[in-house]
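If you want the building blocks of each chain, they are given just below.
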Amino acid sequence: MTDPDAMLAVGTVMFLVLFGLVMVLSSSAVTSAQNNEGDFFAVFLRQGLFALIGIPLMLTVGRLPAVFWRRWARVAVMVGLALQLLVFTGLGYDYGGNRNWIELFGFTMQPSEFLKLALVVWLATVLADRANAFTDLRSVAIPALPVSGVAVGMVLLGQDLGTASIMIAIVLAALFFAGAPLRHLGLLVAGIAALAVIFALTSTSRTSRISVWLNGCAPEDYEFTCWQSVHALWALGSGGVLGVGLGNSATKWRWLPHAESDFIFAIIGEELGLIGAIVVLVLFAVLAVALMRIVRRHVDPFARIATGAIMVWLIGQAFVNIAVVLGMLPVLGLPLPFISAGGSALLSSLLAVGVVLSLARGLPTAAPGAPSAQPGPAPAPRRTSR
């Protein structure tokens, strides 16, 4: 029998994808026509194609046995690193100041999106055998950090701080759900924060974005550093409670760069108002609850770690994207999962949900008429103060 929490997660994801297609069409029509010889539907049709591929792929992947992921985890992370390495060859190219894309056979791809998923299953594999048995900081760091550090370092080398931050969150989430002591996780977070400050100070662009976020926009910053954040807030403010109506955004007329991708939440707020924005927030909250319920019911450490890391990835990325649009964080350039335009991001996110479904197949379900065949929530990972 199908697990109800998994069904809730799938239903929420499919609604988000369909809603995203509507908003991609609305937010991209103008720039799509200008960039594709009058074709208003070019971006939408491309996103729709990836949705038509991704949803059946998610459901197919969800039928794979859990042992499949453990068997192929190491191969997956090696393939992911190899694809990311192609970014620095002749196949790679810069976009928006980041060198994080490759072009193969006429198709573009962002390898780091698939490296996230490979990192999840690899971390779950190497941490599952020693879950709840961490004795010191070395035992926490050694299995997870070497390969993870290489993966994050390669993304940072391409100047993609937003994607690297989500990958770091995935690593920390995997360690948390594996039962690593909070004291040691705190030390890792402090070290990562120090390195992040150093990295941010090595780029004039990043330094200016952080300065504007902390101190506000000066008149000389408006046309450059502040342009996206200011117009995103104007879009949200002009939407009011009910919005200006679907398709009626003024901001999408080339006033807001990347309106169909990184800043699509601003268009949602403008066209559908506060009500539409709250609906999106509620949908991600429902997805978070469904995934957390699945995590709590998993007894197998591998399944618990992988599902928990995927939850932090998807919900954390949604939180960061929305926080950037609201001005609560400096501009990082992350898509809103399942909604923003971008084939690599959509496919990798749907594949991640497929992994969750695959691992949830092992959860017990109640028989018809029975009080409950499900165990209570799995005990939280044992943590020590050492």
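Residue numbers restart at each chain and count upward from 1, following the sequence in its written direction. Note on the predicted model: pLDDT of at least 70 is required for a residue's local features to be given, and 80 or more for side-chain atom pairs to be given and counted; whole-chain, interface and lining totals, by contrast, use all residues. Side-chain calculation: all heavy atoms of the structure are included, whereas hydrogens and water are not.

The term salt bridge refers to a pairing of a side-chain nitrogen on Lys or Arg with a carboxyl oxygen on Asp or Glu at a separation within 4 Å. Taken as a whole, this structure holds seven salt bridges when the rule is applied. Between R297 and D3 there is a salt bridge whose closest N-O contact spans 2.7 Å. Residue R297 is located in helix α10 (residues 264–297), and its partner D3 is located in the segment before α1 (4–35); the two are separated by 294 residues in the primary sequence. For the pair R297 and D3, one class covers both residues: buried. For R70, the salt bridge identified is with D129, shortest N-O distance 3.2 Å. Here D129 lies in the loop between α4 (111–128) and α5 (137–157) and R70 lies in helix α3 (residues 66–85), a separation of 59 residues in the sequence. Judged by relative accessible area, which is 67%, D129 ranks as exposed. In the salt-bridge network here, residues are joined through shared partners; they are D3, D5, R293 and R297. In DSSP terms, a helix is any run of H or I states spanning at least four residues, a strand is any run of E spanning at least two, and both are numbered starting from the N terminus. Burial here depends on accessible area, computed with a 1.4 Å probe over protein chains only, as a share of the maximum for the residue type. Under 20% is buried, over 50% is exposed, and the range in between is partly exposed.

Attention shifts here to the packing of aromatic side chains. Aromatic rings from Phe, Tyr and Trp, taking only the six-membered ring of Trp, are treated as a pair when their centres fall within 6.5 Å; an angle between ring planes under 30 degrees marks them as stacked, one over 60 as edge-to-face, and anything in between as tilted. Summed over all chains, the structure comprises four aromatic pairs. For the ring pair F68 and W72, a centre distance of 6.5 Å and an interplane angle of 40° mean the geometry is tilted. Here W72 and F68 lie together in helix α3, a separation of four residues that amounts to about one turn. For the ring pair F176 and F177, a centre distance of 5.2 Å and an interplane angle of 85° mean the geometry is edge-to-face. On the basis of relative accessible area, F176 is assigned to the partly exposed category, the value being 34%. Among the residues examined, F177 registers a relative accessible area of 7% and is labelled buried.

On to helix α8 (residues 204–215), then. To estimate how far a helix should reach, multiply one less than its number of residues by 1.5 Å. For α8, which comprises twelve residues, the first-to-last C-alpha distance of 16 Å matches the rise-based estimate of 16 Å (1.5 Å per residue) to within 8%. In the segment just after α8, G216 is the residue with positive phi, at about 90°.

With respect to the helices and strands, the residue A200 is situated in helix α7 (residues 182–201). We classify A200 as buried; its relative accessible area is 8%. Between the alpha carbons of A200 and I210 there is a distance of 8.4 Å; along the sequence they are ten residues apart.

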